[in-house]
Amino acid sequence: MKPAALTLVVAALAAALLIGFISEWAKPVIKTNQVNYQEQVLREIVKAPDAILVPFAEPQTGYYVTRSGSAIGTLHKVSTHQGYNGSIDAWLALDLTHSIINLATLTHQETPGIGDIIHRGSTWLNQFVDTGLTDYRYTLRRDGGDFDHVTGATITSRAYVEMLGQGLVHARAIKLEARDEPE
Amino acid sequence: MNPSKSQALEGLWQNNPALVQLLGLCPLLAVSQTLVTSFTLGVITLLVLVWANAIISLIQRWLFEDIRLPLQILVIATMVTAADQLMQALFFEMHQRIGLFIALIVTNCTLLARAELFARRNRLGLAIADGFWMGLGFLWVITLLGGIREVLGRGTLLDGLSLLLGPSADHWTLVIHTSPLLIVTLAPGAFLTLGLLVALKNRMDIAHESRQANRVSDPIARRKP
């Protein structure tokens, strides 16, 4: 083989090995980070650090939230691919009347800075707190709905609002009371 | 001037990658919305640049003409991927915010330019110094740009510091004013702010030059010979 070709092959192998080693080390750490992050977010948005989370039966992703034995609401995972880039995953905390207690974006790849409006605790997200399907239409005001969009981030805003609407519709199908706690 | 001092001056000012070479505009403009994200991206770029320069300097005897560019890109891409993985492991929440742009550091032309123009022709020490000073030149410009855009566009400073330093830094965010200029946050604002910085730099250089010229045309200096 020509020295140039050989060099390229050797270099590619060396690079693959290096990345492989780093990734082997990092993978479990990243996994733990993700789990911790999600748990932290969930406890934060149900506003009850001592709550017990009981997973839904498949195929829905979510939890019944109970505190001192009584149901206080549910957590629903919602996601959409209608955003600017990739998928947006978020969690919705609903009370027993299916109104939104709080919500948080878990992962997204929207444009940093511009898509930041969907970050946890943002003013834009706060407009959804205490809303529900009975009194609100989950489309943007400019599309005939009840929620504001952010200039420059219309696609992200629209995707998010519609994701919430669909999430709420799906949530109605879930029985409100928690299952019996596992003995 | 000794070589390390001139390298520092080159990277930080005279041949600054962001203000003079105008390289790496994509990450420079896209991530500079806030001071903290700018600083983080700047630091990662600096680290990747130092490592990439070092490795390219070490393997320079194998950088044959036909495969030089692919090999350099391979080295840079490997360093960026490693940085991306490490950041996910160590600064997960920050990665959630600017992760998309970490991968784009590969396309930051500063890296390939320094590899091609400098690292592959110079010994290890000089290549590392070049990576460091060029990286620092990029870092200070992107941090300044982020700071200006955050203050004007959002009215805050140091927002999101907790992503780096933990929740205790949450209340360090300064609220400067409450009438944000939206355009500064958007892409045009990035170009405008960078353009003003470049203009300011050129202005300072011209002022400096004319001062030097005045000194030469000074009557006492002229009488000397």
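Preceding this section is the structure that the text describes.
Residues numbered from 1 in each chain as written. Chains lettered and ligands numbered in written order. Predicted model: local features only at pLDDT ≥ 70, side-chain atom pairs only at ≥ 80, totals over all residues.

Some remarks on the overall build of chain B
- Each helix and strand counted, chain B has eleven helices and two strands in total.
- For chain B, the N- to C-terminal ordering of α and β elements is α-α-α-α-α-α-α-β-α-β-α-α-α.
- The C-alpha extent of chain B, read off along each of the three principal axes, is 65 × 55 × 30 Å.
- Residues counted as buried form 40% of the 225 residues belonging to chain B.
- If you take every contact in chain B between residues at least 6 apart in sequence, the share linking residues at least 24 apart comes to 77%. (Helix = DSSP H or I, 4+ residues; strand = E, 2+ residues; numbered from the N terminus. Buried ≥ 20, exposed ≤ 12 C-beta atoms within 10 Å, placed from the backbone. Contact = placed C-beta atoms within 7 Å.)

Some points on the overall build of chain A
- For chain A, the helix and strand inventory stands at three helices and five strands.
- Along its sequence from the N terminus, chain A presents helices and strands in the succession α-β-β-β-β-β-α-α.
- The globule rule puts the C-alpha radius of gyration for 183 residues at 16 Å, and the 21 Å found for chain A is more than 25% above it.
- Over its C-alpha atoms, taken along the principal directions, chain A stretches across nearly 70 × 50 × 25 Å.
- Within chain A, the proportion of its 183 residues that are buried is 28%. (Rg over C-alpha atoms; globule rule 2.2 N^0.38 Å.)

Examining the pairing of strand β5 (residues 100-107) of chain A
All names here are of chain A.
- For strand β4 (residues 88-94) and β5, the ladder comprises six bridges, and the chain directions are antiparallel. By the bridge assignment for β5, Ala93 is matched with Asn102.
- In textbook terms, the turn of a hairpin is the stretch between consecutive antiparallel strands, and for β4 and β5 this stretch comprises five residues, one of which, His98, has a positive phi near 65°. (Pairing = 2+ DSSP bridges.)

Some points on unusual backbone geometry
- A positive phi angle, near 65°, is found at His98 of chain A, a position not held by glycine.
- In this fold, His98 of chain A is placed in the loop between β4 and β5.
- Here the phi dihedral of Leu158 of chain B falls at roughly 70°; this positive angle occurs in a residue that is not glycine.
- With respect to the helices and strands, Leu158 of chain B occurs in the loop between β1 (156-157) and α8 (162-165).
- Residue class for Leu158 of chain B comes out partly exposed when judged on the 16 C-beta atoms lying within 10 Å of it.

Focus: the interface of chain A and chain B
- Contact with chain A, which involves 22 residues of that partner, is made by 28 residues of chain B.
- Among the elements that make up the side of chain A that touches chain B, the one with the highest residue count is helix α1 (residues 3-46) of chain A (16 residues).
- Here the residues of the side of chain A that touches chain B are counted per class, giving 14 nonpolar, eight polar and no charged. (Nonpolar A, V, L, I, M, F, W, Y, C, P; charged D, E, K, R; others polar.)

Concerning the sheet that holds strand β1 (residues 52-55) of chain A
Residues and elements named next belong to chain A.
- Overall, antiparallel pairing links the five strands, which are arranged β1-β2-β3-β4-β5 in an open sheet. Across the chains shown, the open sheet's two edge strands, defined by having one partner strand only, are β1 and β5. Mean inter-strand twist for the sheet, computed between neighbouring axes without regard to direction, equals 25°.
- Taken strand by strand, α1 contacts β1, β2 (62-67), β3 (70-80), β4 and β5, and its axis lies near 160° from that of β5. (Axes fitted to C-alpha atoms, helices over the stretch in contact; angles between N-to-C directions.)

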